[in-house]
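This is what each chain is made of:
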Amino acid sequence: MSLMRNPRFITLLKWVSQVSVETQSGTGYHLRLTLKSRSFATVVSSGEKLSVGTRIENQRMAQVAMLDYFYITRGLQFLVAESMSKNAPLFNNNLVEKLNCDADADIARSITRFLRYHPINEFEPFFESLGMKPSEYSHLLPRDKMFLNEDAFLLENYNTFWVYGIGLKQIGKIVKEAREVLGYETGVLASKIQAFENLGLTKTFVSKIIVCSPSILIGNMNVEVAKVLEMLKSIGIGVDWVNENLSEEEESYDWSSMHRALSLLRDLCFDENELCELIKKHPRLVFEDSGVWTLSLAGFHAKLGSSRSELCLFFQEFPEIQVKKCVLNLRHCFLFLNQIKMEYDEIGKIFRSHCHWLGACPLKQTKTLLSKLSVGTSRLCQIIRENPEEMRKWTMGLGVQPLPSTGERETSRLMKKQFLLNLGYEENSKEMERAVKKFHGRGSALQQRFDFLVSLGLNEKDVRKMVNAFPQILSQSSDLIEAKVNYVVKELGYPLSTLVAFPSCLVFNLQRMKLRLGMIPYLKGQVKALSSVLVCSDQHFVTHYVNRHPDGPKHWEDLKKQLLCE
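About the thresholds
- Residues numbered from 1 in each chain as written.
- Predicted model: local features only at pLDDT ≥ 70, side-chain atom pairs only at ≥ 80, totals over all residues.
- Heavy atoms only, no water.
- pLDDT = per-residue confidence, 0-100.
- Contact = heavy atoms within 4.5 Å.
- Patch = residues over 30% accessible without salt bridge, like charges linked within 9 Å, V, L, I, M, F, W, Y side chains within 5 Å.
- Areas by Shrake-Rupley, 256 points an atom, 1.4 Å probe, with all protein chains shown as cover.
- Salt bridge = Lys/Arg side-chain N within 4 Å of Asp/Glu carboxyl O.
- Helix = DSSP H or I, 4+ residues; strand = E, 2+ residues; numbered from the N terminus.
- Buried < 20%, exposed > 50% of the residue type's maximum accessible area, 1.4 Å probe, protein only.

> How do you make sense of the confidence of the model for the protein when you look at a structure like this?
Caution applies to low-pLDDT regions: their predicted coordinates should not be interpreted in detail. On average, residues of the protein score 82 in pLDDT, and 86% of them reach the 70 mark or higher. For residues 1–5, every residue scores under 50 in pLDDT, and the model assigns this stretch 9 contacts once sequence neighbours within four places are set aside.

Spelled out as structure tokens, the structure:
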């Protein structure tokens, strides 16, 4: 079966094309240089640079002044006021710079005097004290409030987290990923936390899963958490083990996705002990990106036709690498085998037998391998068919040596020279050397394609002229050459002599030929030479041919849609 006509192959090719490596790059944040009436944390003054010692002292005095302001003047709880004054250095520094004081000025007094007449947006130092950057909290700043006590539930929910033992930066992570929790009405947040304790979980573990998965505080996600913990418990894995393997550094866990990954592994494995051993050996299968890559792996194998037992064996032999890297390595290997034109069934066979180590081998790029090995795709396919483990030698970081020559290239070059001699080239001449480089393909194929053109009814002498003028004609398969000739002669009704007069017609791709030449009936004698229609750019063609006919644009669009459907 042809690869491109195999629906399952097309589905798989689309899937691997969509899997991409997600790259992360650090992004800083820019400070706005204009003062806004409701924000100071983004203001930078152009005062003179101060010494390090002076800056440190200014920071300390700013903290003292801000603590006094938040606690005494604004009446915030002491713990909140202290946190905001000590843990918002960017806000404090920009406020000091805004004052533009002399080196010997009393910073604390200057800040106190300034704040009497210039109230600040308290939400900025509050969010910064939670470890958030301006770029992370700017969209959280309320438009109609400046003071924390204007938000009826924010500080109440903040205190709920604090009393429960969740630290400032951890609260910041929760706010970034589940902003609505700070807006819960009285008692709602506490009841949600209590729901987890009602599952028999310890306070320490509840704190951990809340920080690792802030979204579990939204809706009824405690049900999903209970499903995962219950399934793990049924195979002998307790909460302590889960606690050890949860990481606050990971992006938030999706417990419903983790449950799907566990269910998949449970359905694949034969007994509970086997599943317990697998998960304890490779916790990444469940916890890395909440099991998403594990589900992706299973889908990949299913598309390749792997059986349940083969998939189970693959997970039992899973390499000691990240699941995401395994998926990406397999994806790259699949694309490599597809690019060297290996049949779909053969690709599936290789993957089903060697997937456990292919997932751990990041192959070099296809072009690099073909160049380094000094080999063509046909021979490379044959080598892999005979011994797939040869691919172990072609991974990133390893040197690749050219494969021993089979003499195929030398034979092809001799046949190509003989073909050129038949065309009338002088042996060993510069013209022949240039022609050898122009004529792509094996020597035997060039002669076959030449003979094929003659068999279509063209004179051998005429074919020689055509090929000498445009060697690219013979770089195409016989099927493609026949399709182009049939289109010009049979569909458009031109005589074969047209191809002799304009051999360049056969150089352009078939879609371009159909699109351009298909407009000729509507151009009413405007076309004097087929080559002029094919050579010009799309813009030139539309301007000078299509738009000159009243119905030209409509026919042009209809023709494009027709070809797209074909």
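> What is the right way to look at a nonpolar patch on the surface in this model?
On the surface, a nonpolar cluster with roughly 610 Å² of combined accessible area is contributed by Tyr-71, Ile-72, Phe-78, Leu-79, Trp-162 and Val-163. Mapped by element, the contributors of at least two residues to the nonpolar patch are helix H2 (52–73), helix H3 (78–86) and helix H8 (154–163). Assignment of secondary structure puts Tyr-71 in helix H2.

> Hey, could you run me through the environment of Ser-207 in this one?
In this fold, Ser-207 is placed in helix H11 (residues 203–212). Along the chain, Ser-207 and Tyr-164 lie 43 residues apart, while their C-alpha atoms are 7.5 Å from each other. Every residue in contact with Ser-207, bar those within four places of it in the chain, is listed here: Tyr-164 and Ile-166.

> Hey, could you run me through the pattern of salt bridges in this one?
Close approach of charged atoms allows side chains with opposite charge to pair. As enumerated under the stated definition, the model contains 14 salt bridges in all. The shortest N-O distance in the salt bridge between Arg-74 and Glu-122 comes to 2.4 Å. With Arg-74 in the loop between H2 and H3 and Glu-122 in the loop between helix H5 (107–117) and helix H6 (123–129), the pair connects residues that are 48 residues apart, well separated along the chain. Residue Arg-74 shares its accessibility class with Glu-122, and that shared class is buried. The salt bridge partner of Glu-224 is Lys-227, with a shortest N-O separation of 3.9 Å. Of this pair, Glu-224 and Lys-227 both sit in helix H12 (residues 222–234), 3 residues apart, which is roughly one turn of the helix. On the basis of relative accessible area, Glu-224 is assigned to the buried category, the value being 18%.

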